[in-house]
Amino acid sequence: MKDILFVDDDRDLLDSLRARLYKHRQDWAMKFVLSGDEAIAAMEQQHFDLVVSDVRMPGMDGGQLLTVVKQRWPTAMRIIVSGYSDPVQAVRLTSLAHQYVAKPCDGKELENIIERCFYLQELLGQEPLRKMVGRIGKLPAMPKTYGLLQTALAQASVTAAEIGDIVSADAAIASKVLQITNSAFFRLRKPMVRIKDAVTYLGFATVRNLVLSAEIFSQWQAPKGLSDVDPERLQMHAQCAAAACKALAGGRASPDDAWLAGLLHDIGYWILIQECPKELASALELSHAERLPLLECERRLTGATHAEIGAYLLGLWGLPYAIVEAVALHHTPTAVTPHGYDLVGALAVSHAMIDPDNAFAIIPAQPDGCVNAGYLAGLNAPFDWQTAQTRVANALRPT
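Just so it is clear, the model here is predicted, and its values are computed rather than measured. (Residues numbered from 1 in each chain as written. Predicted model: local features only at pLDDT ≥ 70, side-chain atom pairs only at ≥ 80, totals over all residues. Heavy atoms only, no water.)

## Remarks on the pattern of salt bridges
For clarity, the cut-off: By definition, a salt bridge exists where a carboxyl oxygen of Asp or Glu is found within 4 Å of a side-chain nitrogen of Lys or Arg. What counts as a helix is a DSSP run of H or I of at least four residues, what counts as a strand is a run of E of at least two, and both are numbered from the N terminus. Only protein chains enter the calculation, and the probe is 1.4 Å; a residue is then buried if its accessible area is under 20% of its type maximum, exposed if over 50%, and partly exposed in between.
Counting across every chain of the model gives 10 salt bridges. The closest approach of N and O atoms between E111 and K23, which form a salt bridge, is 3.3 Å. Highlighted residues: E111 in helix α5 (residues 107-123) and K23 in the loop between α1 (11-20) and β2 (28-33), separated in sequence by 88 residues. Given the relative accessible area of 5%, E111 is considered buried. Here D342 and R252 are joined by a salt bridge, their closest N and O atoms 3.7 Å apart. Of the two residues, D342 sits in the loop between α18 (321-329) and α19 (343-353) while R252 sits in the loop between α12 (231-247) and α13 (255-264), which places them 90 residues apart along the sequence. Taking the relative accessible area as the measure of exposure, D342 reaches 17% and is therefore buried.

## Here we look at the packing of aromatic side chains
Using the following cut-off: For Phe, Tyr and Trp, rings pair up if their centres lie within 6.5 Å, where Trp contributes its six-membered ring, and each pair is then called stacked (planes under 30 degrees apart), edge-to-face (over 60) or tilted (otherwise).
Summed over all chains, the structure comprises three aromatic pairs. Relative to F32, the ring of F6 lies with its centre 4.9 Å away and its plane at 10 degrees, an arrangement referred to as stacked. Remark: F32 occurs in strand β2 and F6 occurs in strand β1 (residues 2-7); sequence separation between them is 26 residues. F32 matches F6 in its accessibility class, with the two residues each being buried.

## A word on the packing of helix α14 (residues 267-275) against helix α17 (residues 306-316)
We apply this condition: Axes, fitted as lines to C-alpha atoms, cover a helix only where it is in contact. Angles between the N-to-C directions of the axes lie from 0 to 180 degrees. Each angle receives one of four descriptions, namely roughly parallel if under 35 degrees, roughly antiparallel if over 145, roughly perpendicular if within 65 to 115, and oblique otherwise. Contact between two residues is taken to exist if any of their heavy atoms lie within 4.5 Å; hydrogens are not considered.
Taken N-terminus to C-terminus, the directions of α14 and α17 make an angle of 100 degrees; their axes are 7 Å apart at the nearest point. For the element pair α14 / α17, the angle class is roughly perpendicular. Of α17, the residues touching α14 (which contributes I267, G268, Y269, I271 and L272) are H306, I309, G310, L313 and L314.

## Observations concerning the packing of helix α6 (residues 127-134) against α17
To keep it simple, the criterion reads: In this scheme the crossing of two helices becomes right-handed for a clockwise turn of the near helix relative to the far one and left-handed for an anticlockwise turn of less than a right angle. For this classification, Asp, Glu, Lys and Arg are treated as charged, while Ala, Val, Leu, Ile, Met, Phe, Trp, Tyr, Cys and Pro are nonpolar and the rest, including Gly, are polar.
Packing of α6 against α17 leaves a shortest axis separation of 10 Å and a crossing angle of 50 degrees. In terms of orientation, α6 and α17 fall into the oblique class. In this structure, α6 crosses over α17, and the sense of that crossing is right-handed. Two secondary-structure elements touch here, α6 through L129, R130, M132 and V133 and α17 through I309, Y312, L313 and L316. Across the contact of α6 with α17, the residue classes break down as seven nonpolar, no polar and one charged.

## Digging into the sheet that holds β2
Backbone hydrogen bonds hold the strands of a sheet together, and the pairing may be parallel or antiparallel. Put simply, the test is: Strands are labelled as partners when DSSP assigns at least two bridges between them.
Within the open sheet, the five strands sit side by side as β2-β1-β3-β4-β5. Their pairing is parallel. Every interior strand has two partners, whereas the edge strands, β2 and β5 (99-102), have only one. When strand polarity is set aside, the average angle formed by the axes of neighbouring strands in this sheet is 20 degrees. Examined bridge by bridge, β1 and strand β3 (residues 50-54) share four bridges and lie parallel to one another. Its bridge partner lying in β3, V7 is registered against S53. Each of β1, β2 and β3 touches helix α2 (residues 36-45); the most contacted strand, β1, lies at about 160 degrees to it.

## Digging into the environment of G164
Locating G164 in the fold gives a position in helix α8 (residues 160-167). Between the alpha carbons of G164 and A198 there is a distance of 8.2 Å; along the sequence they are 34 residues apart. Setting aside residues up to four positions removed in sequence, G164 forms contacts with I195, K196 and V199.

## Digging into the side chain of H237
To keep things clear, this is the line we draw: Pairing of N or O atoms within 3.5 Å defines a polar contact, subject to two protein rules: one partner must be a possible hydrogen donor and the other a possible acceptor, and residues neighboring in sequence count only if both atoms are side-chain atoms.
Relative to the elements of secondary structure, H237 occurs in helix α12. A residue is classified by how much of its surface remains accessible, and H237, at 5% relative accessible area, is buried. A polar side-chain atom of H237 sits 3.3 Å from a polar atom in the side chain of D266.

## A look at helix α16 (residues 294-302)
Because an α-helix completes one turn every 3.6 residues, residues spaced three or four positions apart along the sequence face the same direction. We count it as follows: The arc under discussion is defined with respect to the helix axis, by the directions toward the C-beta atoms.
Taken together, the buried positions of α16 are occupied by L294, C297, E298 and T302. Buried residues of α16, seen end-on, are gathered within an arc of 105 degrees and therefore sit on one face of the element. Here the buried face of α16 lies against α6, α14, α15 (277-290) and α17. In the segment just after α16, G303 is the residue with positive phi, at about 90 degrees.

## Considering the pairing of β2
Put simply, the rule is: Assignment of crossover handedness uses the view with strands pointing away from the viewer, where a clockwise path from the first strand over the helix to the second indicates a right-handed crossover.
As paired elements, β1 and β2 share six bridges and run parallel to each other. Bridge assignment links K2 to a residue of β2, and that residue is W28. With respect to chirality, the unit in which β1 leads through α1 into the neighbouring parallel β2 is right-handed.

What follows is the structure, encoded as structure tokens:
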């Protein structure tokens with residue numbers, strides 16, 4: 001049974017939601033309150049897995065409420081419901097809410113978002129890990145990218161393509177830009193995955209406010225015990241993976257989705273670096289000392305892998321499910337039953353083909369024995385293993 005708290009000063013809307021969601025009463029225990037103060041009082045009395053709040057309310061508004069929830073109950077997932085499509089408000093709330101639902105509230109859409117949130121919650125079974133990811137509102141941006149963006153945005157002649165190229169070089173900034181663009185603030189008909197399109201759609205003013213927000217981005221600082229972890233190296237690996245995965249697009253894996261999945265596949269490391277530097281340092285040490293896969297050491301010391309942690313965050317932020325799934329399974333694609341050649345297969349194969357000695361990863365990756373020519377053939381991919389190797393080699397060849 002999952003516990004959900006709904007907060008809105010509109011009694012009629014709450015009654016409508018209560019009637020709409022009555023069919024889920026066997027799975028969801030739902031409480032409906034009329035103010036932020038009532039919500040805080042309720043959360044002090046019992047645990048809630050999810051909080052759904054309106055933005056504009058008398059007294060404590062939704063943003064203030066979710067600030068308190070994020071600080072005091074970080075394991076609770078947070079959804080904002082609002083009828084105002086304000087980009088400034090979007091930037092403000094992006095560090096507080098995991099999802100945004102537009103008013104008038106579509107009951108079916110809200111049901112789908114709630115169900116998806118609970119599915120993602122199951123991805124990280126341990127409460128300490130959910131608490132860690134639940135606190136995430138900002139990610140460390142690379143100093144070089146951060147500086148380039150600040151300079152470019154100050155120039156009157158800068159173009160969306162130029163800003164998009166800079167954003168595309170940084171997985172942390174790219175993920176936040178897409179989080180805002182794909183929120184219901186902007187009521188898109190389908191998810192947007194092209195960075196340049198997102199920059200154009202948001203406009204330079206919104207992107208500038210996003211980049212300069214201290215609540216969303218922090219400057220990179222090498223954590224204690226992780227002095228050997230180089231952010232430039234991590235980003236180079238992400239760029240290699242993005243190019244390689246795009247080169248293997250086909251079947252149900254579109255080039256844009258493939259590129260983005262590659263760019264974001266290791267976003268979980270940014271979370272571990274920021275929130276669990278000691279555990280990651282110990283995992284690196286154990287991996288080196290005992291020649292174990294780093295993935296196995298991460299699970300031993302944190303209870304989950306960087307792949308699962310990254311996918312959980314991207315899912316909470318509302319990125320397309322196909323990308324979330326590919327990120328979660330890029331080391332373990334055979335954990336699910338394949339349904340043809342899709343994004344999971346494209347990312348897993350491209351990741352396996354990146355030269356471990358030149359992967360710019362935290363440590364050289366160990367090839368996944370399950371991802372081979374037989375695996376690719378079993379997916380009915382539009383090309384064979386040798387052709388895939390040629391495509392990846394061409395994509396990674398220096399220009």
